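Fold and geometry: a report
Each chain, letter by letter, is given below.
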Amino acid sequence: MVTAKIDMHLCSMRLINVKAFLERGVLIREGKRLDRRAKVLEFGDDEVTDYAILSHRWTKQEVDYNEVVELAKMDKEERTEIRQRDGYRKILQSCEQAKKDGYKWLWVDTCCIDKRSSAELSEAINSMYRWYENSRICYAYLHDLHGPFPIVMDDGRYPKSKGWPEWFSRGWTLQEMIAPNNVQFFNRDWHPIGDKRSLSPILEEITRVPQHILKEGLSSNRPCVAQIMSWAANRTTTRVEDRAYSLMGLLDVNMPMLYGEGKKAFQRLQLEIIRTLNDHSVFAWGSCNSINVARTGSVLADDPSFFEDCDKLKLMNREECIEHLKHDIPEEELPPVGDDRLSTFPITNRGIQIWLFLRPRVGSDSVFEALLPCRSHPSDPPVAIDLVCWESNYYRYPRSLRHGGGALDLRRVFLGYQTPRLNSFEIDDSAITENGFTCSNSVTGNVLTLNSTDLDIKIYSEGQGNRFAVGFGHWFGQDWIHVDCEEPGAILLIPYDLMLKRAPEYAQSLNKARSGAASCRVCIMEIPLPQSTWILQTSCVIWNSSRMCGVKLELFQDPRFGNVSGEWTGFDVDVSRFFFVHLHYYLIKIDIANREQTIATVTGGVL
């Protein structure tokens, strides 16, 4: 039953009346009088209505809800412009195909949702998977394909979509391919080029979605969360939030739309999955094959690309997992199969509370290997991720190359998922280059912002063989700076792994020097360069208003400075009478151990 009263059908979908739409088009084409009261969009119940549905790649020439409704009331010029758009012709040809197939109703996302209403848009997005699933037929329109369905990649023709038509690279079309039982493919000229079932072998090659899912749907043998995420790893959306929203139906979760939240949408999606499903694979990103996301922090992934290599991942049942663990844990210490601790992980204000099997990594009392009840192949052990303990919570840690460690132990832990806001480093190294040193690495410019990694390094060298590396890093919201020097003539290897390993130590050292500041605290570290009279002095100060850590690097040749600690020291500075401007440096005299030393400070605002 179809009605046009929106308040009586809040859970209904708006459908195109195929007959009314086509008849209106004929009248317009023949220049005849239009009935402005005739409705081409009406509400229907997706559970009982037989309707066709369109899946397509949006272009710049789409036609929205208001334009379809008001078309009959427009002047001739405006009406002609709309009817000449690719988006209108796409709707028209979909209606013609639906009529040919015997369907009276058609749903097209461009014009069947009034996107001026955020409530309607949110409801439609949360219902969309069901609408595609309940459709009798889905027309998959490949707008950039001429001729038959492609059977080989063609990077020359489709360079922006990995060698296949664009439809296969978009986020929303993933659920539009999987949800409907009957998907018919059409090329640009609306010639039929095959259906989902007969094309399932090549579709699996293109999309990595298994053939049994393409033929039988998700309900037949539902994959784990990580595998579903992997299908979307290389797909794109116009809005960053839609990378998360387009996965809701596939993962059987619902949540409100908050356009403008950016990447937080994907975090909310994962939290909703954790609340809804008992699926540890949501934490398994970066655990398979060659994927190694160099990022310390939240146990939640930043976006679907983190799951790229999880396409073979499957969950292990409790019996399988415990049977495997018998090799590492005495049987009397294993939890019983029915133990609820292994199947619940509530979200608390401290973090995600979960029971995990942990093993300390070699040489560390804070880095652990955590086993998850999922694997890529039947003979494989449970996948492992690395966690680091910081202030009683556990966070993801870049995969360690160290193997083995202490005994495996079942622990209740809290997984941190809040990503702290990071400072940027504003670096003045002009005094280094003025003394004949050059910087030879990829870090350029005065401002360094760490996004996807926790560490970046600048390497300085000069003709007499003196070399040193300055690392700039973050550790759970605490920035740190560290200097490594080498003997003249030695080969200075970039100490990336070593610095990353000791990041907690470096962060605590700088934080200790900063603590107890009265108003503003400048921190200084002096390090002698080996076999020389050079002293490298690093000064830094943070301005909370701009989230900027100002860093000044200087070199001195003075034998009096030969006895230096190499540790950070903090000094309170009264700068209330100064007006500081971003990127300008001021010299402040500070008495250190009864001798004057010139210290450069960097500022970023008015104090």
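Look up a bit, the structure's there.
Residues numbered from 1 in each chain as written. Predicted model: local features only at pLDDT ≥ 70, side-chain atom pairs only at ≥ 80, totals over all residues. Heavy atoms only, no water.

1. Notes on the pairing of strand 19 (residues 467-475)
Strand residues, when the strand is regular, have side chains that alternate between the two faces of the sheet. So the rule is basically this: Whether a residue is buried, partly exposed or exposed follows from its accessible area with a 1.4 Å probe, protein chains only, as a fraction of its type maximum: under 20%, in between, or over 50%, in that order. Think of it this way: any DSSP run of H or I at least four residues long counts as a helix, any run of E at least two long counts as a strand, and we number them from the N terminus. Here, any two strands with at least 2 DSSP bridges between them count as paired.
Burial of strand 19 is extensive: eight of the nine residues sit out of reach of the surface. In terms of strand pairing, strand 18 (residues 455-461) meets strand 19 through seven bridges, oriented antiparallel. By the bridge assignment for strand 19, I459 is matched with A469. Between strand 18 and strand 19, which pair antiparallel and follow one another directly, the connecting turn spans five residues, one of which, G465, has a positive phi of 95°. The antiparallel pairing of strand 19 with strand 20 (residues 478-486) creates a hairpin that spans two residues between the two strands, and F476 there sits at a positive phi of about 55°.

2. Structural notes on the sheet that holds strand 1 (residues 13-17)
Counted only if it meets this: Axis definition: a line fitted to C-alpha atoms, limited for helices to the stretch in contact. Angles are taken between N-to-C directions and run from 0 to 180 degrees. The contact rule is simple, with two residues in contact once any of their heavy atoms fall within 4.5 Å.
What the seven strands build is an open sheet, ordered 2-1-4-3-5-6-7; its pairing is mixed. Pairing within the sheet leaves two strands with one partner each, and these edge strands are strand 2 (41-44) and strand 7 (192-195). Adjacent strand axes in the sheet meet at a mean angle of 35° when their direction is disregarded. One ladder, built from two bridges, connects strand 1 with strand 4 (residues 105-107); its direction is antiparallel. Bridge pairing links N17 to W105 in strand 4. Sheet strands touched by helix 1 (residues 18-29): strand 1 and strand 4. Its angle to strand 1, the strand with the most contacts, is close to 45°.

3. Let's talk about the nonpolar core
Filter applied, for reference: The nonpolar core is taken to be a set of buried Ala, Val, Leu, Ile, Met, Phe, Trp, Tyr and Cys residues, with the residues joined through side-chain atoms within 4.5 Å.
If you look at the biggest cluster of nonpolar residues, it comprises 121 residues, and the most contacted ones within it are F185, L269 and F283. If you tally residues by element for this core, the top one is helix 5 (residues 118-134), at seven residues. Setting aside residues no more than four positions away along its own chain, L269 makes contact with M229, A244, L247, M248, L251, V253 and M255. Listed in part, the 26 residues of the second largest apolar core include I481, L510, A513 and L536.

4. Examining the packing of aromatic side chains
Put simply, the test is: Put simply, two rings from Phe, Tyr or Trp (the six-membered ring, in Trp's case) pair if the centres are within 6.5 Å, and we call them stacked under 30 degrees between planes, edge-to-face over 60, tilted for the rest.
Applying the stated criterion to the full structure yields 26 aromatic pairs. Ring geometry for Y395 and F476: centres 4.3 Å apart, planes at 45°, overall tilted. Taken together, the residues Y395 in strand 13 (residues 393-396) and F476 in the loop between strand 19 and strand 20 connect sequence positions 81 residues apart. Taking the relative accessible area as the measure of exposure, Y395 reaches 13% and is therefore buried. Pairing F437 with W534 gives two aromatic rings, centres 6.0 Å apart and planes at 85°, and the pair type is edge-to-face. With a gap of 97 residues between them, F437 in the loop between helix 14 (430-433) and strand 16 (438-439) and W534 in strand 22 (residues 534-543) connect regions that are remote in the sequence. What links up through ring pairs into an aromatic cluster is the set W390, Y395, Y397, W475 and F476.

These figures capture arrangement, not role.
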